[in-house]
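Descriptive structure summary
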Amino acid sequence: MSEVNRSSAARSSRPEQEKPAPGRWTRLVTARPRLALFAALVVTVLAVFAGSGVADRMGSGGWEDPGAESTYATEALEREFPESQPNLLLLVDAGRQSVDSEAVAAEGRRLAERLAAQGDVTGVGSYWQSPSPALRSEDGREALIVARILGDEKAAAQTLERIGDTFRGEHGPVEVSIGGPVAVGHEMTTIIQDDLVRAELIALPITLLLLVLVFGSVIAALLPLGVGIVAILGTNAVLRGITEFADVSVFAQNLTTALGLGLAIDYALFIVRRFREELATGADVKDAVGTTLRTAGRTVLFSALTVAVSLAAMLVFPQYFLRSFAYAGIAVVALAAVAALVLLPAALMLLGHRINSLDLRAAFRRRRGRVERPGGEGSKAVRGGWARLADLVMRRAPLFAFTTVTALVLLGLPFLGVKFGTPDDRQLPSSAESHVVQQHIRDGFPGSPDGGIEIFAEAVDSEAADSGGAGGVSAEQYAEYRDRVAALPGVLRVDGPVTSGSAAYFTVQPEGEAVGDGAQGLVHEIRDVPAPFETSVTGRAAVLEDSKAAIAGGLPLALGFIAVVTLLLVFLLTGSVLIPLQAVLLNGLSLTAMFGAVVWVFQDGNLSGLLGFTPTGDIETNLPVLMFCVAFGLSMDYGVFLLSRIKEEYDRTKDHEHAIRFGLQRTGGLITAAALILAVVMVAIGTSRVTNTKMLGLGLAVAVLMDAMVVRGLLVPAVMKLTGARTWWAPAPLRRFHDRFGLSEGEIPPSSLVATGEEGEVTEPTGVAGATEGTAETGRGAVRT
C-alpha cells in the first residue's frame, strides 16, 4: 500500500463525526492569516496597557487561611488593640552611647511623637515611653519604636513609602533603620519585581540560542518566543483584572514568566516540527498547516488541558497565595495554547517554506555531504540514539525499572524530615534593611515584640458586656484564666490582660522558638483551656497551625481532583486502563527528587553559601503544594507528547515494542530540548534573591529535567515493556466509550512513515537539534524536519 493510500485509510478509520470539525478549524485560522496576526498585535498592545502596573496591585502575603481562628483573632486585635499588632519597627541605634542617655532618650521620644503624628499610623510605643525589656537590646545600645500602620497590605505599603525616608537614617545622636512585617513585605515585592526583570534578561537570549540550535532556522526559533511573549503579556492583563475583586500574590508573576515561555516553547516546538515534517513529504503549505492542526494541534490542546487541571487544583485551598498561582497558571496555559493554535498557524501560512530561512546549520550539513531520501514504504526499522536507548531499556526492563524507582525513592527520602514554617524576613537577602533589623532583634533583644502567642478575649454575649466589670468579665476571672494558661508546660510567662470595653488580650511567651514545635503544640493546649469568655488564639505559631490544617483539609480533594481528571483524560487519549494509572504513578514518582532536594538544600541549608540564601530550618507550608501542582502538570505535558506518538504508531502497526521505540525516537529529542529550555527559564527565576522564589525556580528545574531525562527516557519504556500488550487493554464498555469519545492526534500523517538514510531507516538526530528529528529531501529542496 502506498503512503498516500495508507494515510487515506487512516483518515477513513476515524469516526465520521470528527471529520468536519478539523476542516472548519483549519479554515477559521488560515482563511485570513494577515488579519489574524494584525488582530493579535492589536490585542497584545492593549494587553500591555491593561496589564501595566499589575505588580503594584499585588500582595506579598496570602500564606494564611482567611477563615481560620488565628485570622479572626488577628483582625480583632488590629481593630480593638492596634498596639498589640505592630507591623512597623524602628530600630534606634545609639552607637557607643546607651539608649538611656539623656540625648538619646530625648531623640527617641521625639521620633515616637513624630511617628504618632503621621496619618494612618496608630498604636505607637517605644522603650522611652513604656520601658519594656523587650524593647531594649541586652547591650543597651539599641531600642525599638513600634507602631501599627492602618489599612490592608497594599495601603500599608503605600504609607510606608510615604513616611519611610522621613525616619530612615541619622537623627542627631542615633541612626534609625526600618523593619517589621510591612517593611519586609514591601521590600520583598520590590526585590521580586527587580529579580523578575533580570531573570527575563537572562532567560530570553539563552532560550533564543537554544531554539536556534534546535531548529537551525532563526525564523523558526523566533516563533516560540513570540507565542510566549503574547501569553505572558496577556496573562498580566488577566491578573490586573483579577486584582479588582481578589487578592493576587506578587509571586505569581514568576510563574507567569516561567510557564508562559516554557509552555509556549513546548507547544511551538511540537507544532513547528510537525509542520516541517509535512512540508518534507511534499505537502503544500495549506495542507501542511491543516494536517498539523489535526494532529499536533490536538495534542497541544490536550496537553494544555492536563496542565490546567493540575493548576486548577490549587483553587480548593483558601490561601490566596495558592489561588493566585491557579489564576496565573490557568490564564497563561490557556493563552499559550490559543496563541499556538491560532497565531502560530497563521504565521506558518505566511512563512510557508521560508520557515527554514536563515538556517545557520546549512553550511555544516553541506560540508558533511549527507544525502537523504525517503525510505522504504512502511518500514518499521527505527534507528537513532533514542531508539537504541529504548532497545537497551526494553532488553533489561526489570533492571532499569527497579534501579530507576529505587534511585528516585532514595532521592526523595530527605522529604520525610520536612518541617513546615511561616515566611519571615530571612526570605530576603542578608543585606536587605528589614532583614538586618529583624536579625538584630533576634540576636540582641530578649524577645521579639511580635513573636508571642496572643489570645483575644471577648464577652460571650452582649448582655455580659453591659453588666459590671470590664466588659462583663471580672478581674478575678481574667486572673484565673491567666493562671491556667501560665501553668501549661512550655509557657515562659503570660502578660496581660490589657482590656478595652468588652474585649481583652493576653500575650503568651513560649519557651524556645516562637514558631518551633513547642510553640505549635502550645497553641492547641491554649485553645483547650476553659474560659468564661470567648477566646481566639493568634500569633505566628497559631497562623502556621491553622495554615497546615487548611492544607491538610484541602489536600485530599486537590489530589483526588488531579488524579481523577488525569486518569480520564489519559484514557480518552489512549483507550487504555493501565496507561492512565502508569501516568499518574510515574508522574508522582518523578517529583521525589524535587522534594528531596528542596528539604536537603533549603531546609537543611546545604549549598546555602553557594546559592546565597539564609536557611531557616523549615519550608513554607504552601510551597510543596504549589510545586507539586506545577511540576505534575509539566510532567503530564511531556507525558502526553510521548504517549500520543506511541499510541499513534501502535494503532498503525499493532507492534507494542516497535511503538515504544518509535515514540521515544520521535519525541525523545523534542522533550529533552523542551525540558532544557524550560529548565533554563526556571534557573533564571531561581537566581532571585528571595528564598521562596529561588526554591520554586530551582526545584521545578530539577523536576523538569528528572522527568524528561529519567522518567520519560528510562522508566516509561521499561514499565511499558513489562506490562507488554496488556498495556492497551480496556474492558469492552470502556473500549466502546473510547471509540465514541476518545481523543487522539487524528490521522496517521505520511511524515510518520518517512525514513532517511541508505536503508530506509529513521536517522539519528544529533545534539540538542535532535528535537527536530533528522532531515528529508523533497522536490523543493532539502528541508530539515
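Refer to the structure printed above.
Small disclaimer: the values here were computed from a predicted structure and weren't measured.

A short note on the overall build of the chain
Each helix and strand counted, the chain has 27 helices and 13 strands in total. A fraction of 80% describes how many contacts in the chain between residues 6 or more apart in sequence connect residues 24 or more apart. Per element, the accessible surface of the chain, about 30600 Å² overall, is 60% carbon and sulfur.

Let's talk about the packing of helix α9 (residues 252-280) against helix α12 (residues 320-351)
Contact geometry for α9 and α12: axes closest at 9 Å, N-to-C directions at 30°. It follows from the interaxial angle that α9 and α12 lie roughly parallel. The interaxial crossing formed by α9 with α12 has right-handed handedness. Residues Ala 252, Leu 255, Thr 256, Leu 259, Gly 260, Leu 263, Ala 264, Tyr 267, Ala 268, Ile 271, Val 272 and Phe 275 of α9 form the contact with α12, whose own contacting residues are Ser 324, Phe 325, Ala 328, Gly 329, Val 332, Val 333, Ala 336, Ala 337, Ala 340, Leu 341, Leu 344 and Leu 348. Of the residues that constitute the contact of α9 with α12, the class distribution is 20 nonpolar, four polar and no charged.

Let's talk about the pattern of salt bridges
Going through the model one piece at a time under the given rule, you end up with 31 salt bridges. For the salt bridge of Asp 247 with Lys 154, the shortest nitrogen-to-oxygen distance reads 3.6 Å. Taken together, the positions of Asp 247 in the loop between α8 (218-242) and α9 and Lys 154 in helix α6 (residues 153-167) put the pair 93 residues apart, joining distant regions of the chain. Overall, Asp 247 belongs to the partly exposed group, its relative accessible area being 41%. Between Asp 546 and Arg 527 there is a salt bridge, with the nearest N and O atoms lying 3.0 Å from each other. Remark: Arg 527 occurs in helix α19 (residues 517-528) and Asp 546 occurs in helix α20 (residues 540-574); sequence separation between them is 19 residues.

Notes on the sheet that holds strand β2 (residues 121-126)
Sheet architecture is open: five strands sit in the order β2-β3-β1-β5-β4, paired in antiparallel fashion. Unpaired on one side and paired on the other, β2 and β4 (169-171) mark the two borders of the sheet. Averaged over all pairs of adjacent strands, the angle between their axes in this sheet comes to 25°, without regard to strand direction. Where β4 lies against strand β5 (residues 174-179), three bridges are found, and the strand directions are antiparallel. Bridging from a neighbouring strand, Gly 169 pairs with Val 176 of β5. Seen against the sheet, helix α16 (residues 433-444) touches β1 (88-93), β3 (142-149) and β5 and runs at an angle of roughly 105° to β5.

Here we look at the sheet that holds strand β9 (residues 503-510)
Spatial ordering of the open sheet is given by β8-β9-β7-β10, a layout of four strands whose pairing is antiparallel. Whereas interior strands pair on both sides, the edge strands pair on one side only; in this sheet they are β8 (491-500) and β10 (534-538). Geometrically, the sheet is characterised by an average inter-axis angle of 20° between neighbouring strands, direction not taken into account. Taken together, the five bridges between strand β7 (residues 453-458) and β10 define a ladder with antiparallel strand orientation. Within β10, the position partnered with Ala 457 by the bridge is Thr 535. Most of the contacts of helix α4 (residues 69-80) go to β10, to which it runs at about 100°, and overall it touches β7, β9 and β10.

Observations regarding the packing of helix α15 (residues 397-412) against helix α26 (residues 691-723)
Contact geometry for α15 and α26: axes closest at 8 Å, N-to-C directions at 140°. Comparing their axes, α26 and α15 come out oblique. In the packing of α15 onto α26, the handedness of the crossing is left-handed. Along the contact surface, α15 presents Ala 397, Pro 398, Phe 400, Ala 401, Thr 404, Val 405, Leu 408 and Leu 411, while α26 presents Met 706, Val 710, Val 711, Leu 714, Leu 715, Ala 718, Lys 721 and Leu 722. Class assignment of the residues belonging to the contact of α15 with α26 gives a composition of 14 nonpolar, one polar and one charged.

Description of the nonpolar core
Taken as a class, soluble globular proteins show a tendency for nonpolar side chains to be buried jointly. Among the nonpolar cores identified, the biggest contains 154 residues, and Phe 251, Tyr 267, Val 333, Leu 348 and Leu 626 are the most heavily contacted of them. Tallying contributions element by element places helix α24 (residues 622-653) first for this core, with 18 residues. The residues touching Tyr 267, leaving out its near neighbours within four places in the chain, are Val 300, Ser 303, Ala 304, Val 307, Val 333, Ala 336, Ala 337, Ala 340, Asp 637 and Phe 641. Core analysis: the second largest hydrophobic core is formed by 34 residues, Leu 115, Val 174, Val 176 and Ala 183 among them.

A word on the side chain of Arg 426
Inspection of the secondary structure assignment puts Arg 426 in the loop between β6 (420-421) and α16. Here Asp 424 takes part through its side chain, which lies 2.7 Å from a polar atom of the side chain of Arg 426. Beyond its immediate sequence surroundings of up to four residues, Arg 426 is in contact with His 435, Arg 442, Thr 614, Thr 616 and Thr 691.

A word on α15
The end-to-end C-alpha distance of α15, which contains 16 residues, comes to 22 Å, matching closely the 22 Å that a straight helix rising 1.5 Å per residue would cover. Taken as a whole, α15 has its buried residues at Ala 397, Phe 400, Ala 401, Thr 404, Leu 408 and Gly 412. When α15 is viewed along its axis, its buried side chains cluster within an angular range of 100° and face the same direction. Those residues of α15 that are exposed and aimed more than 90 degrees away from the buried face are Pro 398, Leu 399, Phe 402 and Leu 410. Buried residues in α15 make contact with α14 (385-395), α21 (578-590), α22 (592-603) and α26.

Some words on the packing of aromatic side chains
What the rule picks out here adds up to 16 aromatic pairs. Both rings, one in Phe 571 and one in Phe 737, keep their centres 6.4 Å apart while their planes meet at 25°; by these two values the pair is stacked. Separated by 166 residues along the polypeptide, Phe 571 in helix α20 and Phe 737 in helix α27 (residues 732-741) bring together distant segments of the chain. Phe 571 gets classed as buried once you look at its relative accessible area, which sits at 8%. One aromatic cluster is present, formed by Trp 63, Phe 251, Phe 321 and Phe 325 through successive ring pairs.

Reading the values: the criteria
Throughout, a residue's number is its position along its own chain's written sequence, starting from 1. Totals for whole chains, interfaces and linings use all residues, but because this is a predicted model, local features are given only for residues with pLDDT of at least 70 and pairs of side-chain atoms are given and counted only at 80 or more. By convention in this description, side-chain values take in all heavy atoms of the structure and omit both hydrogens and water. In this description a helix means any DSSP run of H or I spanning at least four residues, a strand means any run of E spanning at least two, and both kinds are numbered starting from the N terminus. In what follows, residue pairs with any heavy atoms lying within 4.5 Å of each other are defined as contacts. The method behind every accessible area is Shrake-Rupley, applied with a 1.4 Å probe, and residues are considered shielded solely by the protein chains displayed. Only the stretch in contact is used when a helix axis is fitted, and all axes are lines through C-alpha atoms; the angle between N-to-C directions ranges over 0 to 180 degrees. An angle below 35 degrees is read as roughly parallel, one above 145 as roughly antiparallel, one from 65 to 115 as roughly perpendicular, and any other as oblique. Left-handed is the label given to a crossing in which the near helix is rotated counterclockwise from the far helix by less than a right angle, and right-handed is the label when the rotation is clockwise. Note on residue classes: Ala, Val, Leu, Ile, Met, Phe, Trp, Tyr, Cys and Pro are nonpolar, Asp, Glu, Lys and Arg are charged, and everything else, Gly too, is polar. A pairing counts as a salt bridge when a side-chain nitrogen of Lys or Arg comes within 4 Å of a carboxyl oxygen of Asp or Glu. Burial status follows relative accessibility: with a 1.4 Å probe on protein chains alone, a residue under 20% of its type maximum counts as buried, one over 50% as exposed, and anything between as partly exposed. Two strands form a pair only when DSSP identifies at least two bridges running between them. Joining through side-chain atoms within 4.5 Å is the link that ties buried Ala, Val, Leu, Ile, Met, Phe, Trp, Tyr and Cys residues into a set, and such a set is a nonpolar core. In protein, a polar contact requires one atom able to donate a hydrogen and another able to accept it; more generally it is a pair of N or O atoms within 3.5 Å, and residues adjacent in sequence count only if both atoms are side-chain atoms. Multiplying 1.5 Å by the residue count of a helix minus one yields the expected span of that helix. Here the arc refers to the set of directions running from the helix axis out to each C-beta atom. Classification of ring pairs rests on two measures: the distance between centres of Phe, Tyr or Trp rings, Trp counted by its six-membered ring, which must be within 6.5 Å, and the angle between planes, read as stacked under 30 degrees, edge-to-face over 60 and tilted in between.

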